[in-house]
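A closer look at the structure
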Amino acid sequence: MTSYDGTLPLDGKVALVTGGSRGIGAATAVRLARAGADVAVTYVNGKEAAADAVRAVSSLGRRGVALRADSSDAGEAAGAVERTAEALGGLDVLVNNVGVGVLGPLASLSPDEVDRVLAVNVRGVFLASQAAAARMPEGGRIITIGTCMTQRVPGPGGTLYAMSKSALVGLTKALARELGSVGITANIVHPGPIDTDMNPADGPYAAGQVAMTALGRFGTVEEVAAMVVHLAGASYVTGAEFSVDGGHAA
Ligand SMILES: NC(=O)c1ccc[n+]([C@@H]2O[C@H](COP(=O)([O-])OP(=O)(O)OC[C@H]3O[C@@H](n4cnc5c(N)ncnc54)[C@H](OP(=O)(O)O)[C@@H]3O)[C@@H](O)[C@H]2O)c1
């Protein structure tokens, strides 16, 4: 990853990873730091886990900061961007990683659940992206985590989650069009089944998910993080969708 002159691809850049205390977000934060970026992560309950992620960033010689910021709260979702810029001196890369998965039969989903999922998965992403776009210099990157279920819903129970994440595809394409003129890119990454607390590889629904992939296995957080960090350094890619799903959509 180091270039011939010894610099790293994200040297001097500042990144914010929402929901960066565990899972895909934590792996992405560490990988961004390995590529040279200073990194802020948000969390809600996992103070210790967020501190671990920051320690991992610091151990790579980069500055790290953990921010308690609940993405379901409009002010906190946007405020995390401002707090990152204050703490680390700007913002170049926003990774909209945070997301909640509420699955279940259509008839079982309450209006409160619909509101909560849309607040975190859609409104929070919109507001963070809006705040980031207002701050980012030319070369800014907005990278959003979607899901393979925006491309193929493998069975019942996914109405709310798939609806919320599908909104992010539209947001990403529209952001690309709106921000292209100021040199900011927007892309979306669709993970397949990835072994995390949200979706453990030994969980009750794991076998069915594995059966839907071409590679016949769960993915790792590192495999998603690698794509995100690639996009953080990609200057001529915008408005695009990237599957990291083991062939779930094939
Ligand atoms: N795992 C998969 O199979 C899979 C597949 C497709 C897409 N995805 C998507 O990938 C993203 C990451 O998933 P994951 O599996 O890594 O999830 P995870 O293991 O459940 O981790 C979720 C992270 O988000 C944070 N978080 C949760 N609610 C939050 C809120 N309201 N405000 C701020 N932070 C919050 C958690 O912080 P605390 O520690 O404070 O709780 C944690 O750091 C999500 O958008 C998810 O929808 C995952």
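Below: a short report on this structure. What you see is a predicted model; the values in this text were computed from it and never measured.

**Thoughts on the overall build of the chain**
Tallying secondary structure elements over the chain gives 7 helices and 7 strands in all. The order of α-helices and β-strands along the chain, N terminus first, is β-α-β-α-β-α-β-α-β-α-β-α-α-β. Against the compact-globule benchmark of 18 Å for 250 residues, the chain has a radius of gyration of 17 Å, which places it among compact chains. Taking all 250 residues of the chain together, 47% fall into the buried category.

**Here we look at the site of the ligand**
The ligand sits among 32 residues. The nearest are Gly19, Gly23, Gly46, Gly99 and Thr196. For the shell around the ligand, the elements supplying multiple residues, two or more each, are α1 (23–34) and β2 (38–43). For the shell around the ligand, the element with the highest residue contribution is α1, accounting for 3 residues. For the shell around the ligand, the class distribution of residues is 12 nonpolar, 17 polar and 3 charged.

**A word on the nonpolar core**
One finds Ala15, Ala29, Leu32, Val39, Val41 and Ala128 to be the most contacted residues of the largest nonpolar core, which totals 62 residues. Discounting chain neighbours no more than four positions away, the residues touching alanine 15 are Leu32, Ala37, Val39, Asp92, Val93, Val95 and Ala232.

**What about the environment of valine 224?**
Tracing the backbone through its elements, the reader meets valine 224 in helix α7 (residues 221–232). Taking the C-alpha atoms as reference points, valine 224 and alanine 174, separated by 50 residues in sequence, lie 23 Å from one another. In this view, valine 224 contacts Ile24, Val189, Pro191, Ile194, Gly219 and Val244; residues no more than four positions away in its chain are not counted.

**Focus on the packing of α1 against α7**
The interhelical angle for the contact between α1 and α7, taken along N-to-C directions, is 50°, at an axis separation of 8 Å. Relative to α7, α1 is oriented oblique. For the element pair α1 and α7, the recorded crossing hand is right-handed. Across the interface between the two elements, Gly23, Ile24, Ala27, Thr28, Arg31 and Leu32 of α1 pack against Val221, Glu222, Val224, Ala225, Ala226, Val228, Val229 and Ala232 of α7. For the contact of α1 with α7, the per-class residue count stands at 10 nonpolar, 2 polar and 2 charged.

**Regarding helix α4 (residues 111–135)**
In a regular helix each residue adds 1.5 Å, so 25 residues correspond to 36 Å; α4 covers 34 Å between its end C-alpha atoms and thus fits that length. The sharpest bend along α4 reaches about 45° and sits at alanine 119. Within the sequence span of α4, burial applies to Val117, Val120, Asn121, Gly124, Val125, Leu127, Ala128, Ser129, Ala131 and Ala132. At its buried positions, α4 is contacted by α3 (74–88), β4 (93–96), β5 (141–145) and α5 (159–179).

**With respect to α3**
Here α3 spans 22 Å end to end across 15 residues, near enough to the 21 Å set by a 1.5 Å rise per residue. A bend of about 30° at alanine 80 is the largest found in α3. Restricting attention to buried positions, one finds in α3 the residues Ala77, Ala78, Ala80, Val81, Thr84 and Leu88. Among the structural elements, β1 (14–17), β2, β3 (64–68) and α4 are those in contact with the buried residues of α3. Just beyond α3, the residue with positive phi is glycine 89, at close to 85°.

**Quick word on the environment of glycine 79**
Mapped onto the elements of the fold, glycine 79 is located in helix α3. Judged by C-beta crowding, with 17 C-beta atoms within 10 Å, glycine 79 ranks as partly exposed.

What counts as what
Residues numbered from 1 in each chain as written. Predicted model: local features only at pLDDT ≥ 70, side-chain atom pairs only at ≥ 80, totals over all residues. Helix = DSSP H or I, 4+ residues; strand = E, 2+ residues; numbered from the N terminus. Rg over C-alpha atoms; globule rule 2.2 N^0.38 Å. Buried ≥ 20, exposed ≤ 12 C-beta atoms within 10 Å, placed from the backbone. Near = placed C-beta within 6 Å. Nonpolar A, V, L, I, M, F, W, Y, C, P; charged D, E, K, R; others polar. Core = buried A, V, L, I, M, F, W, Y, C linked by C-beta atoms within 7 Å. Contact = placed C-beta atoms within 7 Å. Axes fitted to C-alpha atoms, helices over the stretch in contact; angles between N-to-C directions. Parallel < 35°, antiparallel > 145°, perpendicular 65-115°, else oblique. Left-handed = near helix turned anticlockwise from the far one by under 90°. Expected span 1.5 Å × (residues − 1). Bend = angle between axes of the 7 residues up to and from the residue.

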